[in-house]
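Given next are the chains, with one letter for each unit.
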Amino acid sequence: MSKKKLVFSGVQPTGNLHLGNYLGAMKNFVSLQKEMECIYCVVDLHAITTLQKPEQLRNNVLETVASFLATGLDPNKSIIFNQSSVSGHAELAWILNCVSRIGWLNRMTQFKDKAGPDKETASVGLYIYPNLMAADILLYKATHVPVGADQKQHLELSRDIAQKFNNDFNCKDFFPLPEPLIPKNVSRIMSLRDGTKKMSKSEDSDYSRINLKDSADDINKKIKKAKSDSDPIPDNLKSLEKKPEALNLLNIYSEISKMSLENVLKEMSGKEYSFLKSKLTEILTSEIIPVGKQIKKLLEDRPHLENVLKKGREKANIRAEENLKIIREKVGLI
Ligand code: AQP
């Protein structure tokens, strides 16, 4: 088995990328690119597990590529492409559908959250989405997967599927068991309106999230309106246990200012949340506005973005085909 480290991760082109995607995943993508070989994928097949408008989906794919580049991914260092353009993802997903167990999928909490109370009407694709995610990773025999904490359970399933394939087809160590790389402090950025829910693109209220393309005025308004607490900022974490919205704002500030949460509390204890909010607006504006401007600029040159995808697809496809050839043999497919 090759011991070489290889990173794989994906982002769904389902609309405006937000601060959760940025802090939970994309910043990590950029720092990993300096240390390891990386493959970053715009996972359009995952996006269609819920109905998408075709024209909008095409635009969202390019916007996700623009966001990758704007946050610092370099197509000369990392492979950047869209999932549906490498058919091996769908082929391996089918093979892994036959390895994965219904009982394993039944435990996936994200399906329960996304399908809502009437899960009978959810698409089959949404239900088997974690098998496709396993295929995305295993197709390249990736060893490390940078994701937010919401994806931890899916990563564990990918490991189970890899292990079962290796056992079923008597090929110990064929698929590496991929390890999640989850940022320690900002593993889950929460909604600005409800600190018990993760910040998400599909949440109805735009006030629940900071989008990468938000204007300074949007950021200011959203942070002003964000839920916090009427008590002053405490000097210890314990007092924040039942105050998820306040904790979330402090966490975001701590991450972007690169100060530990303890030091943030030391600096701010006794002050009102309006003080934190003005500091947070300032720091978010200086971090996010340049990214948003760069996304908009990149979107003016669609041929460039299409070319990035084309080059990435060519590189990804070579690797995928090499691995698939062996996988087909192992399974007995001619
Ligand atoms: N709130 C979050 N905090 C930390 N990390 C997050 N991620 C997403 N939301 C947060 C991480 O971003 C990467 C890309 O996620 P995705 O867009 O592919 O899918 P998602 O997790 O389903 O994101 P959303 O915003 O919730 O999308 P919708 O609303 O379309 O379902 C992943 O690594 C994820 O962990």
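Residues numbered from 1 in each chain as written. Predicted model: local features only at pLDDT ≥ 70, side-chain atom pairs only at ≥ 80, totals over all residues. Heavy atoms only, no water.

What's the story with the domain arrangement of the protein in this structure? I'm lost.
By a widespread convention, an interface's size corresponds to the accessible area lost as its parts come together. Assigned domains of the protein: these are domain 1 (6-187 + 302-331) and domain 2 (206-296). The distance between the C-alpha centroids of domain 1 and domain 2 comes to 30 Å. Each partner contributes residues to the interface: domain 1 has 15 residues there, and domain 2 has 16 residues. Contact between domain 1 and domain 2 buries roughly 1,400 Å² in total, counting both sides, with carbon and sulfur atoms accounting for 66%. The three residues of domain 1 that bury the most area against domain 2 are Leu19, Tyr22 and Ala70, which together make up 36% of that side's buried surface. Along the contact surface separating domain 1 from domain 2 lie two salt bridges. A salt bridge links Lys213 to Glu63, with the nearest nitrogen and oxygen atoms 3.2 Å apart. (Domains from an automatic or database assignment. Contact = heavy atoms within 4.5 Å. Buried area = accessible area lost by both parts, 1.4 Å probe. Salt bridge = Lys/Arg side-chain N within 4 Å of Asp/Glu carboxyl O.)

Can you walk me through the environment of Asn185 in this structure?
The residue Asn185 is located in the loop between strand S5 (179-181) and helix H9 (216-225) in this model. C-alpha separation for the pair Asn185 and Asn251, spaced 66 residues apart in sequence, amounts to 7.3 Å. Among residues more than four places away in sequence, those in contact with Asn185 are Asn251 and Glu255. (Helix = DSSP H or I, 4+ residues; strand = E, 2+ residues; numbered from the N terminus.)

Quick question: what am I supposed to make of the layout of surface pockets here?
Regions of empty space are outlined by a rolling probe, equal in size to a water molecule, passed over the atoms. The space that makes up the largest pocket amounts to roughly 1,200 Å³. Residue lining of the largest pocket: 47 residues in total, with Gln110, Lys114, Asp150, Gln151 and Lys198 positioned closest to the centre. Among the secondary structure elements, those contributing two or more residues to the lining of the largest pocket are strand S1 (6-11), helix H1 (19-33), helix H2 (44-47), helix H6 (109-115), helix H7 (124-138), strand S4 (144-146) and helix H8 (152-168). Here the lining of the largest pocket is composed, by residue class, of 17 nonpolar, 20 polar and 10 charged. (1 Å grid on protein atoms, 1.4 Å probe; cavity = no way out; pocket = protein on both sides within 12 Å on 5 of 7 lines; lining within 4 Å. Points joined across faces, edges and corners; volume = space filled by probe spheres on them. Nonpolar A, V, L, I, M, F, W, Y, C, P; charged D, E, K, R; others polar.)

Just to check I follow, could you spell out empty space enclosed by the protein for this structure?
A complete count under the given rule lists one cavity of 30 Å³ or more for this structure. Of the voids in this model, the largest cavity is the one considered here, and its volume is about 50 Å³. Every residue along the wall of the largest cavity is listed here: Met108, Gln110, Phe111, Leu126, Tyr129, Pro130 and His154. Mapped by element, the contributors of at least two residues to the lining of the largest cavity are H6 and H7.

Looking at this structure, how should I read the packing of aromatic side chains?
The description of two aromatic rings rests on the distance between their centres and on the angle between their planes. Counting across every chain of the model gives nine aromatic pairs. Ring centres of Phe174 and Phe175 lie 4.8 Å apart, and the angle between their planes is 55 degrees; this geometry places the pair in the tilted category. One exposure class covers both Phe174 and Phe175, and it is buried. Looking at Lys225, its charged tip hangs above the ring of Tyr207, at a distance of 4.7 Å from the centre. Across the ring face of Phe275, the terminal group of Lys271 is positioned such that the distance to the ring centre comes to 4.9 Å. (Phe/Tyr/Trp six-rings, centres within 6.5 Å; stacked < 30°, edge-to-face > 60°. Buried < 20%, exposed > 50% of the residue type's maximum accessible area, 1.4 Å probe, protein only. Lys NZ or Arg CZ within 6 Å of the ring centre and 35° of its normal.)

Whenever I open this one, the site of the ligand confuses me. Can you help?
Near the ligand you find 22 residues, and of these Lys114, Asp150, Ser200, Lys201 and Ser202 are the closest. Contacts to the ligand include Gln12, whose backbone N or O atom sits 2.9 Å from an oxygen atom. A distance of 2.2 Å is found between an oxygen atom of the ligand and a side-chain nitrogen or oxygen belonging to Lys201. When the free accessible area of the ligand is taken as 640 Å², the share hidden by the protein chains comes to 97%. The site holding the ligand turns out to be the largest pocket. Looking at the shell around the ligand, the elements with two or more residues in it are S1 and H1. (Near = heavy atom within 4 Å. Polar contact = N/O pair within 3.5 Å; in protein donor to acceptor, adjacent residues only side chain to side chain. Areas by Shrake-Rupley, 256 points an atom, 1.4 Å probe, with all protein chains shown as cover. Sits in = over half its atoms within 2 Å of the grid points.)

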